[in-house]
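These are the residues of each chain, in order.
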Amino acid sequence: MAVADTIKTYITTELAPDLDASKLANDQSLLTTGVLDSLRIVKLIAFLDDEFGVEVTDDEFDPDNFETIDAIAKLVEEKKG
Amino acid sequence: MTVYLLPHLLRDSAARHPERTALIFKGDKLSYGELESRSAALAAGLVELGVAPGDRVGTVFDKSFDALVALFAVMRSGACYVPIDPVAPTSRADKIVRNTDMKVLLCSKDRAPKFVAELDPQTTLEHVVVSGETTELSAEGFAVKAFGAVAGDGAALVEPGITDTYPAYILHTSGSTGMPKGVALSHLNALTFVNMAADYWQATADDVFVSHAPFHFDLSVFDFYVAFKVGAAVALLPESYSIFPKKLCEYIDKHGITVWNSVSSVLTLIAERGKMDAYDLGSMRAIIFSGEVLPLKYLRQLKAKMPKAGFFNVYGQTEANSSMCYPVGELPADDGWKTPIGKALPNFEVFAVDGEGNKVSAPGVEGELYVRSSTPALGYWRDPERTAERFVVDPDRPWASTRLYATGDLVKMDAEGNFLFVGRKDHLVKSRGYRIEIGEIELAMNAVDGVQQGVIVTVPDDLIGNRIIAWVELDGSREVEPNDIIAYCRERLPHYMVPEIVEIETPLPKTSTMKIDRKGLQARSIETHGK
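Residues numbered from 1 in each chain as written. Chains lettered and ligands numbered in written order. Predicted model: local features only at pLDDT ≥ 70, side-chain atom pairs only at ≥ 80, totals over all residues. Heavy atoms only, no water.

Caption draft 1: Geometry of the overall build of chain B. Across its full length, chain B carries 15 helices and 27 strands. When its C-alpha atoms are laid out on the principal axes, chain B stretches across 70 × 60 × 60 Å. Counting every position in chain B, which comprises 531 residues, the buried fraction comes to 60%. Partitioning the contacts of chain B with sequence separation of at least 6, the portion at a separation of at least 24 is 66%. Carbon and sulfur atoms make up 50% of the accessible area of chain B, which totals about 20600 Å². (Helix = DSSP H or I, 4+ residues; strand = E, 2+ residues; numbered from the N terminus. Buried < 20%, exposed > 50% of the residue type's maximum accessible area, 1.4 Å probe, protein only. Contact = heavy atoms within 4.5 Å. Areas by Shrake-Rupley, 256 points an atom, 1.4 Å probe, with all protein chains shown as cover.)

Below, the structure is given as structure tokens:
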């Protein structure tokens, strides 16, 4: 499965199960819609580590990298190199 | 002096120095003069629409210039504003519209498509007014117009034509009946606090306040009213920054923030992950935190990085504003030390009453905290019963019509006369700085088809205060997954009230009196999910 799909599945099944995966676009804001809050983002970061072996540094922990599913996938892909 | 209301704080500062910066947002600035004339123009438009003194007008805004234009326009029209959480489910907004018989709702253009499409057309709502010059939106059941189409020219100053006993705003908090409770605060209630706070924290026109709390949260009252009273600037922090601690430090550095007011957990985040060394945080001079305990180890780190700043642990509720304060001095060596909630602020009196109804005077004795001031709210909107429960006759002045606010918080005094928070008399908990009636969450869970009964327990957490864990017993009529319950709650409750984890166990363990064993469930939850 593509990185973005894996992240979307995790968000819509574990973090925000009320969200319909088919209605959550990859370029939709996760931050201004309350999909990601302080607790969920911590869980998401742990998931990125478990699933992709990607450790998000303090410098990368930035709204630009977590605004959308696309942005998170891009970060993961860059770090996996 | 004629009647003085909250919007007059802006009017007077704008008259004194119209060119000074009132608001800063994403690189833009808005002057006092401009904010004043924009809100005056919209106020005139609201009056044209039929908004009358005493009316309730809803506001749905993220941080923006338009948000402040809207709040001041509403107050200037003589109505009171009713802020609605822009990310809360629309069904909750419908409840608030109904609860307050709202006819007009002001909404940001970013949030409007969702709200206009989803709001119940069968309520009292007649007009939704959307920020911006024009709008393409329309709906059945209510008219949709843009600020630009409604606003007058702003030349005529609308005077509200009310006294300072009228509600200025109604803030909705969690209610155990499933209906949010509307706390109605008058202009006098708010000004008693604002005037005191400006003096106590020595605010000046050179300060830069941060506006961290959203508008539906009462901490926001301090940020812009205190700033506007003295002609200071307010930097409106974008909501999404608050979960990125580094961004917060960058923001403080970039804007030279001098006065910070937020829930404690945000400061914990800054200390823990904000990379404070990489930024200049030296501008900070007053740091006010509340809502939950700020662990001492983080307080120590913050003090080291912001040597000029005074740190103030502030205590209060929406119903009576912030009544107590503990200015943090030298920190004890023991990291287990818990910051007291302190002593009454000027304009307030507080005291504790024990189980027998006697005032507590000795250190160490527990009692319920009462607040005496002109800040306690008018009451719960249209809920005389609950108002009578919490706003009580003053035992020292049984003849007087003024009321005390009974906080429901249990406190005790230390040897220096500072109060310490002990716990709650009821099932109210705090999470992310918000007060939550766990009964409201339980009511929502119990409505899920297939659920026999659900209870909420809390697991203490350094960062957010309390994590919300649900235990649910099923009735066997159908299969229910934990995620079904979470999804149901998310459609009905604000995000901070939705259980983080749902454990299904049928039947739930009972005590000898056949009540659900909440203590046992809490102990198991802490074992599994605590740190």
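Caption draft 2: Spotlight on the packing of aromatic side chains. Scanning the model with the defined rule gives 27 aromatic pairs over all chains in all. Judged by centre distance (6.4 Å) and plane angle (65 degrees), the ring pair of B:Phe25 and B:Phe65 falls under edge-to-face. Of the two residues, B:Phe25 is situated in strand S1 (residues 21-25) and B:Phe65 in helix H3 (residues 65-76); the sequence distance between them amounts to 40 residues. With a centroid separation of 4.7 Å and an interplanar angle of 15 degrees, the aromatic rings of B:Phe217 and B:Tyr434 are classed as stacked. Taken together, the residues B:Phe217 in the loop between strand S10 (208-211) and helix H8 (219-230) and B:Tyr434 in strand S24 (residues 434-437) connect sequence positions 217 residues apart. Among the aromatic residues, those joined into a cluster by ring pairs are B:Tyr32, B:Phe72, B:Phe215, B:Phe224, B:Tyr225 and B:Phe228. Geometry around A:Phe61 places B:Arg273 over its ring, the cationic atom sitting 4.7 Å from the centre. Note that B:Lys359 overlies the ring of B:Phe351, its terminal NZ or CZ placed 4.5 Å from the centroid. (Phe/Tyr/Trp six-rings, centres within 6.5 Å; stacked < 30°, edge-to-face > 60°. Lys NZ or Arg CZ within 6 Å of the ring centre and 35° of its normal.)

Caption draft 3: Structural context of a negative patch on the surface. All names here are of chain A. Negative charge collects at one region of the surface, where Asp49, Asp50, Glu51 and Glu55 lie side by side. Within the element layout of this structure, aspartate 50 appears in helix H2 (residues 38-52). Aspartate 50 sits in the exposed class, given a relative accessible area of 68%. (Patch = residues over 30% accessible without salt bridge, like charges linked within 9 Å, V, L, I, M, F, W, Y side chains within 5 Å. Salt bridge = Lys/Arg side-chain N within 4 Å of Asp/Glu carboxyl O. Lys, Arg positive; Asp, Glu negative; His and termini not counted. Charge placed at Lys NZ, Arg CZ, Asp CG, Glu CD.)

Caption draft 4: Looking closely at unusual backbone geometry. Residues and elements named next belong to chain B. Here the residue pair threonine 506 and proline 507 is connected by a cis peptide bond, since its omega of -5 degrees sits within 30 degrees of zero. By the element assignment, proline 507 lies in the loop between strand S27 (501-504) and helix H15 (518-529). Of note, asparagine 347 is a non-glycine position whose phi angle comes to about 75 degrees, a positive value. Relative to the elements of secondary structure, asparagine 347 occurs in the loop between strand S16 (343-344) and strand S17 (349-353).

Caption draft 5: Geometry of the interface of chain A and chain B. Facing the 21 residues of chain A at the interface are 19 residues of chain B. For the pair chain A and chain B, the summed buried area comes to about 2100 Å², and 57% of that belongs to carbon and sulfur atoms. For the chain A face of the interface with chain B, the top three residues by lost area are A:Leu39, A:Asp58 and A:Phe61, together amounting to 27%. Seen at the junction of chain A and chain B, the total is six salt bridges. Among the ionic pairs, B:Glu500 bridges to A:Lys43, the shortest N-O distance being 3.4 Å. Across the contact surface, chain A and chain B share six residue pairs in polar contact (both at pLDDT 80 or more). When residues of the side of chain A that touches chain B are traced back to their parent elements, those giving at least two are H2 and helix H3 (63-66) of chain A. It is H2(A) that provides the largest number of residues to the side of chain A that touches chain B, a total of five residues. Among the residues making up the side of chain A that touches chain B, the classes are represented as nine nonpolar, five polar and seven charged. (Buried area = accessible area lost by both parts, 1.4 Å probe. Polar contact = N/O pair within 3.5 Å; in protein donor to acceptor, adjacent residues only side chain to side chain. Nonpolar A, V, L, I, M, F, W, Y, C, P; charged D, E, K, R; others polar.)

Caption draft 6: Focus on the sheet that holds S27(B). Residue and element names in this part refer to chain B. Within the open sheet, the three strands sit side by side as S25-S26-S27. Their pairing is mixed. Strands with a single pairing partner mark the edges of an open sheet, and in this sheet they are strand S25 (451-461) and S27. For this sheet, the mean angle separating the axes of adjacent strands, direction not counted, is 25 degrees. Sheet strands touched by helix H13 (residues 438-446): S25 and strand S26 (465-474). Its angle to S25, the strand with the most contacts, is close to 145 degrees. Along the sheet face, helix H14 (residues 482-492) touches S25, S26 and S27 and points at about 135 degrees away from the line of S27. (Pairing = 2+ DSSP bridges. Axes fitted to C-alpha atoms, helices over the stretch in contact; angles between N-to-C directions.)

Caption draft 7: Fine view of the state of the cysteines. Residue and element names in this part refer to chain B. Applying the stated criterion to the full structure yields zero disulfides over all chains. Not part of a disulfide, cysteine 107 finds its nearest cysteine sulfur in cysteine 80, a span of 18 Å. On the basis of relative accessibility, which here comes to 0%, the residue cysteine 107 falls in the buried class. (Disulfide = S-S within 2.5 Å.)

Caption draft 8: Quick peek at the environment of B:Ala227. Residue and element names in this part refer to chain B. As for its placement among the helices and strands, alanine 227 is situated in helix H8. Sequence spacing of alanine 227 and methionine 75 is 152 residues, and the spatial spacing of their C-alpha atoms is 17 Å. Beyond its immediate sequence surroundings of up to four residues, alanine 227 is in contact with Tyr32, Phe209, Phe222, Ala232 and Val234.

Caption draft 9: Local environment of the pattern of salt bridges. Residues and elements named next belong to chain B. Summed over the entire model, instances satisfying the criterion amount to 40 salt bridges over all chains. Here arginine 111 and aspartate 62 are joined by a salt bridge, their closest N and O atoms 2.7 Å apart. Linking arginine 111 in the loop between strand S5 (104-107) and helix H5 (112-118) with aspartate 62 in the loop between strand S3 (56-60) and H3, this pair joins segments that are 49 residues apart in sequence. Exposure class is identical for arginine 111 and aspartate 62. Each is buried. Between glutamate 500 and arginine 467 there is a salt bridge whose closest N-O contact spans 2.5 Å. Of the two residues, glutamate 500 sits in the loop between H14 and S27 while arginine 467 sits in strand S26, which places them 33 residues apart along the sequence. By relative accessible area, which is 16% here, glutamate 500 ends up buried. One network of salt bridges, with partners in common, ties together Glu349, Lys359, Arg372, Asp394, Asp396 and Arg397.

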